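Tertiary structure, described
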Amino acid sequence: QVQLVESGGGLVQPGGSLRLSCAASGSIFSLYTMGWYRQGPGKQRELVAAITRGGNTNYSDSVKGRFTISRDNAKNTVFMQMNSLKPEDTAVYYCKAGLVAVVAGPKIDYWGQGTQVTVSS
C-alpha cells in the first residue's frame, strides 16, 4: 500500500508565498519522477513542475521564476516553494509520484488527495 500525503495549502494574499510538501509512504522499492499538478475551477488538470530522482526539473511557463520544486530522496518527499502568488494560481494542487513498490514490480503512478491553494485579497 502506497500513500502520498500533501500539506501546506491554504489562503494567501496576492504576492504571498506558500510551501507545499508531499510525502510518499508505504511499500516503496524505487521512487522516480515526482511532480505537482493543479486543477483550477472549470479547468483541466495541468502539470506545474516535476523533478527526477537525479534532480532535473521542469516547470510550466506560467510558474517559471516563481515556483521552485525540490525533493529529499532519503525521506521520499517532494516540496514546492511558491512565491509571488497570483489569483490565477488558485487551484487544487496534486502530488504525483512514479514508483515501483516491490522488486521487479511495475512502475505505477500514484496521486495524492490534493490540497487547496487560494490566492485572494
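Refer to the preceding data block for the structure.
In short, a report on the structure. (Residues numbered from 1 in each chain as written. Predicted model: local features only at pLDDT ≥ 70, side-chain atom pairs only at ≥ 80, totals over all residues. Heavy atoms only, no water.)

Side note on the state of the cysteines
- On inspection of all chains with the given rule, the structure shows 1 disulfide.
- Covalently, Cys22 is tied to Cys95 through a disulfide, its sulfur atoms 2.1 Å apart. Around the S-S axis, the bridge from Cys22 to Cys95 shows a dihedral of about -80° and counts as left-handed. Here Cys22, found in strand β3 (residues 18–26), pairs with Cys95, found in strand β9 (residues 91–100); they are 73 residues apart in sequence, far enough to count as distant. Comparing Cys22 with Cys95, the two get one shared label, buried. (Disulfide = S-S within 2.5 Å. Helix = DSSP H or I, 4+ residues; strand = E, 2+ residues; numbered from the N terminus. Buried < 20%, exposed > 50% of the residue type's maximum accessible area, 1.4 Å probe, protein only.)

A look at the pattern of salt bridges
- On inspection of all chains with the given rule, the structure shows 5 salt bridges.
- Arg38 is paired through a salt bridge with Asp89; the nearest N and O atoms lie 3.0 Å apart. Of this pair, Arg38 sits in strand β4 (residues 30–39) while Asp89 is found in the loop between β8 (77–82) and β9, placing the two residues 51 residues apart along the sequence. In this structure, Arg38 and Asp89 share a single accessibility class: buried.
- Between Lys96 and Asp109 there is a salt bridge, with the nearest N and O atoms lying 3.7 Å from each other. (Salt bridge = Lys/Arg side-chain N within 4 Å of Asp/Glu carboxyl O.)

Observations concerning the pairing of β9
- When you tally the buried positions in β9, you get 9 out of 10 residues, the bulk of the element.
- Taken together, the 8 bridges between β4 and β9 define a ladder with antiparallel strand orientation. Along β9, the bridge assignment pairs Leu31 with Leu99.
- Two elements, β9 and strand β11 (residues 115–119), share 3 bridges in a ladder whose sense is antiparallel. Bridge assignment links Tyr93 to a residue of β11, and that residue is Thr115.
- Where β9 meets strand β10 (residues 107–111), 5 bridges bridge the pair, whose relative direction is antiparallel. By the bridge assignment for β10, Lys96 is matched with Trp111.
- Connecting the antiparallel pair β9 and β10 is a turn made up of 6 residues, with Ala104 showing a positive phi of about 65°. (Pairing = 2+ DSSP bridges.)

Some remarks on the side chain of Arg71
- Tracing the chain through its elements places Arg71 in strand β7 (residues 67–72).
- A polar contact of 2.8 Å, which involves the side chain of Arg71, links it to the backbone oxygen of Tyr32.
- Excluding its chain neighbours within four sequence positions, the residues that come into contact with Arg71 are Leu31, Tyr32, Thr33, Met34, Ile51, Thr52, Arg53, Thr77, Val78 and Phe79. (Polar contact = N/O pair within 3.5 Å; in protein donor to acceptor, adjacent residues only side chain to side chain. Contact = heavy atoms within 4.5 Å.)

Quick look at the nonpolar core
- Among the nonpolar cores identified, the biggest contains 27 residues, and Trp36, Val48, Phe67, Val78, Met80, Met82 and Tyr93 are the most heavily contacted of them.
- Breaking this core down by element, the ones donating at least two residues are β1 (2–7), β3, β4, β5 (46–51), β7, β8, β9 and β11. (Core = buried A, V, L, I, M, F, W, Y, C linked by side-chain atoms within 4.5 Å.)

Digging into the pairing of β3
- The pairing of β1 with β3 spans 6 bridges and is classified as antiparallel. If you follow Leu4 over to β3, its bridge partner there is Ala24.
- With 6 bridges joining them, β3 and β8 adopt antiparallel strand pairing. Across the sheet, the residue bridging to Arg19 is Gln81, located in β8.

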